[in-house]
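Understanding the architecture of this molecule
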Amino acid sequence: QVQLVESGGGLVQAGGSLRLSCAASGRTFSRYDMGWFRQAPGKEREFVACIDWRGVNTYYGDSVKGRFTISRDNAKNTVYLQMNSLKPEDTAVYYCAAAFLKPRATSPDEYDYWGQGTQVTVSS
């Protein structure tokens, strides 16, 4: 069982930066591949980024490549999403999720556990 709690969301102007954190409970965090998704009102949940359990391999959605960076610290049971050059279209609720033995999981259906989400709002 893994419980996930996101933090770090807020209101930022276009061009600004935010860093989201996702704190996980459970001793097996380091065995899970982790992902970030986002969902804007009226839209489907969108893949943002994922990272394998070792923190070696990362993958990004096309809309965030070159602007967002996913990382993890297994000693702290935490995964991060550094978001730079934010745009109004990045406005959404951001969720972190955990998947067991799925190092390149880009579909929400592949994830086993989800956090409650944190709101990110980018003003123009």
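As a reminder, the structure under discussion sits directly above these lines.
Here the residue index of a chain counts from 1 through its sequence in written order. Residue-level local features of this predicted model are given only where pLDDT is at least 70; pairs of side-chain atoms are given and counted only at 80 or more, and the full residue set underlies all totals for whole chains, interfaces and linings. With hydrogens and water set aside, each side-chain value is computed from the structure's full complement of heavy atoms.

**Thoughts on the side chain of Thr78**
- Topologically, Thr78 is positioned in strand β8 (residues 78–83).
- In protein, a polar contact means a hydrogen-donor-capable atom and an acceptor-capable atom, both N or O and within 3.5 Å, with residues adjacent in sequence counting only if both atoms are side-chain atoms; elsewhere, any N or O pair within 3.5 Å suffices. Within the structure, the side chain of Thr78 is placed 2.8 Å from the backbone oxygen of Lys76, a separation counted as a polar contact.
- Should any heavy atoms of two residues lie within 4.5 Å, those residues are counted as being in contact. Residues within four places of Thr78 in sequence aside, it is in contact with Ser21, Cys22, Ala23, Phe29, Arg72 and Asp73. Each helix is a run of DSSP H or I of at least 4 residues and each strand a run of E of at least 2, with the numbering of both proceeding from the N terminus.

**Details of the pattern of salt bridges**
- Any carboxyl oxygen of Asp or Glu within 4 Å of a side-chain nitrogen of Lys or Arg constitutes a salt bridge here. Evaluated as defined, the whole model comprises 5 salt bridges.
- For the salt bridge of Arg38 with Glu46, the shortest nitrogen-to-oxygen distance reads 2.8 Å.
- Its salt-bridge partner being Asp62, residue Lys65 comes within 3.2 Å of it at the nearest N-O pair.
- For Asp62, a relative accessible area of 67% puts it in the exposed group. Burial classification: accessible surface area is computed with a 1.4 Å probe over protein chains only, and a residue below 20% of its type maximum counts as buried, one above 50% as exposed, and the rest as partly exposed.

**Regarding unusual backbone geometry**
- If you check the backbone angles, Asn77 has positive phi at about 55° while not being a glycine.
- Mapped onto the secondary structure, Asn77 falls in the loop between β7 (68–73) and β8.
- A positive phi is found at Leu101, a non-glycine position, where the angle reads about 60°.
- Mapped onto the secondary structure, Leu101 falls in the loop between β9 (92–100) and β10 (113–114).
- Relative accessible area serves as the criterion here: at 61%, Leu101 is assigned to the exposed category.

**Re the sheet that holds strand β3 (residues 18–25)**
- For two strands to count as paired, DSSP must find a minimum of two bridges between them. Sheet architecture is open: 4 strands sit in the order β1-β3-β8-β7, paired in antiparallel fashion. At either end of the open sheet lies a strand with only one pairing partner, and these are β1 (3–7) and β7. Ignoring strand direction, the axes of neighbouring strands in this sheet form an average angle of 15°. Axis lines are fitted through C-alpha atoms, for helices just across the contact stretch, and the angle between N-to-C directions can take any value from 0 to 180 degrees.

**Considering the state of the cysteines**
- Count a disulfide wherever a pair of cysteine sulfur atoms falls within 2.5 Å. A full pass over the atoms with the stated rule returns 1 disulfide.
- Across the disulfide from Cys22 sits Cys96; the S-S distance is 1.9 Å. What sets the handedness of the Cys22 and Cys96 disulfide is the S-S torsion sign, and at about 45° it is right-handed. Here Cys96 lies in strand β9 and Cys22 lies in strand β3, a separation of 74 residues in the sequence. For the pair formed by Cys22 and Cys96, the shared burial category is buried.
- Here Cys50 is not disulfide-linked; the sulfur of Cys96 is the nearest cysteine sulfur, at 13 Å.

**Structural notes on the pairing of β3**
- Both β1 and β3 contribute to a ladder of 5 bridges, which runs antiparallel. Residue Leu4 lies in a different strand from β3, and its bridge partner there is Ala24.
- Across 6 bridges, the pairing between β3 and β8 is antiparallel. Across the sheet, the residue bridging to Ala23 is Thr78, located in β8.

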